[in-house]
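This is what each chain is made of:
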Amino acid sequence: MKKALIHQTALLFTCSMLLVACGKSGSNEANSANNPTVTTGAANAIPIGIAFAQTSNVALLGQEGTDGVKIAQKYFNDKGGINGRPIKLVYQDTGGDEVGAINAFQTLISKDKVIGIVGPTLSQQAFSADPLAERNQVPVIGASNTAKGIPEIGDYVARVSSSVAVVAPYSIKAALKQNPNLKRVAVFYAQNDAFNKSETEIFQKTVRNLGLDLVTVQKFQTTDTDFQAQASDAINLKPDLAIISGLAVDGGNLVKQLRELGYKGIIVGGNGFNTSHIFSVCRALCDGVIVAQAYSPMYASKINTAFRKAYLEQYHREPPQVSAQAFAGLQVYVEALQSLDKKSNINQLTLPQLRTELNQELLKGKYQTPLGEIAFTPVGDVIQKEFYVAKLKMEPNGVDGKFSFLSIK
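Here the structure is a predicted model, which is why all the values come from computation and not from measurement.

Turning to the packing of aromatic side chains, a few remarks are in order. Given two aromatic rings, one states the distance between the centres and the angle between the planes to describe the pair. All told, the structure shown has twelve aromatic pairs when counted by the stated rule. With a centroid separation of 4.9 Å and 90° between ring planes, the pair formed by Tyr75 and Phe76 is classed as edge-to-face. Judged by its relative accessible area of 6%, Phe76 falls in the buried class. Plain terms: the ring middles of Phe220 and Phe227 are 5.3 Å apart, the flat faces sit at 90° to each other, and that makes the pair edge-to-face. For the pair Phe220 and Phe227, one class covers both residues: buried.

Structure, rendered in structure tokens:
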């Protein structure tokens, strides 16, 4: 269990809640077209910070996180919130870089007075912003941070997104099951992103452990649009398998250009491909790409059925992994708060006390989430049992697609 430090303060938690509700924190005024406004209409609502990208080249991923927490907020408030008190989501846009994430965290912690934060969108941002939450002893739950070392940032940092070290190898094994004779592997990765650098290390290690030949490693940037040089260099080495660690836009464009240049082999995409937005990038050429996942809409449980139904009704498509993980991140806060309130009335705790005791409580629990049952290790890493592999299946129109799940038993 993580070490928790309790600091006393004269500012009552109840007062901070009233300040938020009255708008004196400025969080409502700060909301704009890029920061969704969520209201509960209750003066005693409990504020939880949401730090996702609503602008920049990672806005599509950030929007999926926002979609997930909005569904979770309604779901849990409809069930009575925290023993009668609703939760209120306070949004701050992290943008796509470290500065944006730091600014968002600073505002949520010091101005909006949130009890905890879900976010940020990227692992690269987490390495910069999470230490700020750690210094202020504010709990953080990462919903899409899978790089190595995230939970080790500090005692107040946890995640519901499984480490890439656990998930990534499944996709390569699925590729081998599809073609047992594949031998030559080309790897591509975005060198300017912490997650993709971490993921490619796992991919490359798995390739070697399976006795495959790593014929080339090609680097690019998440902001790149032209991959002709890297794709051509790799194709000339005649790989049977191409593995890409990138985000949806750059990764999708790389898939498209590999196919346009004549590559016929299997393509494995990393965690950045776990979004339906990939379909609009590589379109018909997405077909057949293999992606490992930590979530399946088909997972049979009461809460996943409810989550999937609400998501389909709201967005008219299957829920993606990041939305499910964001839902789970907010769920952990809600259920930990419910548990804590039964032990000691949270209305009587100062804000620093609540943050500290909440952090201790959330690490103790087991949670039945859309991801399946999860818990936490002593350092805050998620413990998850269920994982999946999907193949991107495009419709004949070459525009619409879906994740078709494969057997990995």
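Read on, since the account is not over.
This next bit is on the packing of helix 4 (residues 98-111) against helix 5 (residues 123-135). Packing of helix 4 against helix 5 leaves a shortest axis separation of 8 Å and a crossing angle of 30°. With respect to helix 5, the element helix 4 is oriented roughly parallel. Crossing geometry of helix 4 relative to helix 5 is assigned as right-handed. Residue-level inspection shows Glu98, Ala101, Ile102, Phe105, Gln106 and Ile109 of helix 4 in contact with helix 5, the latter providing Gln124, Gln125, Ser128, Ala129, Asp130, Leu132 and Ala133. Counted by class, the contact of helix 4 with helix 5 contains seven nonpolar, four polar and two charged residues.

Right, let's talk about the state of the cysteines for a bit. Counted by the stated rule, this structure contains one disulfide. Bridging Cys282 to Cys286, the disulfide has an S-S length of 1.9 Å. On the sign convention where negative is left-handed, the bridge of Cys282 and Cys286, at about 100° about the S-S bond, is right-handed. Across this residue pair, the class does not change: Cys282 and Cys286 are buried.

The two faces of a sheet get side chains in turn, since along a regular strand they alternate between them. In terms of burial, strand 6 (residues 184-190) is a largely internal element, six of the seven residues being buried. The sheet contact formed by strand 6 and strand 7 (residues 213-220) spans seven bridges and is parallel. Across the sheet, the residue bridging to Ala190 is Phe220, located in strand 7. At this point the chain moves from strand 6, through helix 7 (residues 194-209), to the parallel strand 7, and the crossover so formed is right-handed. Relative to strand 8 (residues 241-245), strand 6 runs parallel, the two being bridged by five bridges. Looking at strand 8, one finds that Phe188 is bridged to Ile244.

Reading guide: rules and limits
Residues numbered from 1 in each chain as written. Predicted model: local features only at pLDDT ≥ 70, side-chain atom pairs only at ≥ 80, totals over all residues. Heavy atoms only, no water. Phe/Tyr/Trp six-rings, centres within 6.5 Å; stacked < 30°, edge-to-face > 60°. Buried < 20%, exposed > 50% of the residue type's maximum accessible area, 1.4 Å probe, protein only. Axes fitted to C-alpha atoms, helices over the stretch in contact; angles between N-to-C directions. Helix = DSSP H or I, 4+ residues; strand = E, 2+ residues; numbered from the N terminus. Parallel < 35°, antiparallel > 145°, perpendicular 65-115°, else oblique. Left-handed = near helix turned anticlockwise from the far one by under 90°. Contact = heavy atoms within 4.5 Å. Nonpolar A, V, L, I, M, F, W, Y, C, P; charged D, E, K, R; others polar. Disulfide = S-S within 2.5 Å. Pairing = 2+ DSSP bridges. Right-handed = clockwise from strand over helix to strand, strands pointing away.

This is a description of form; function is not addressed.
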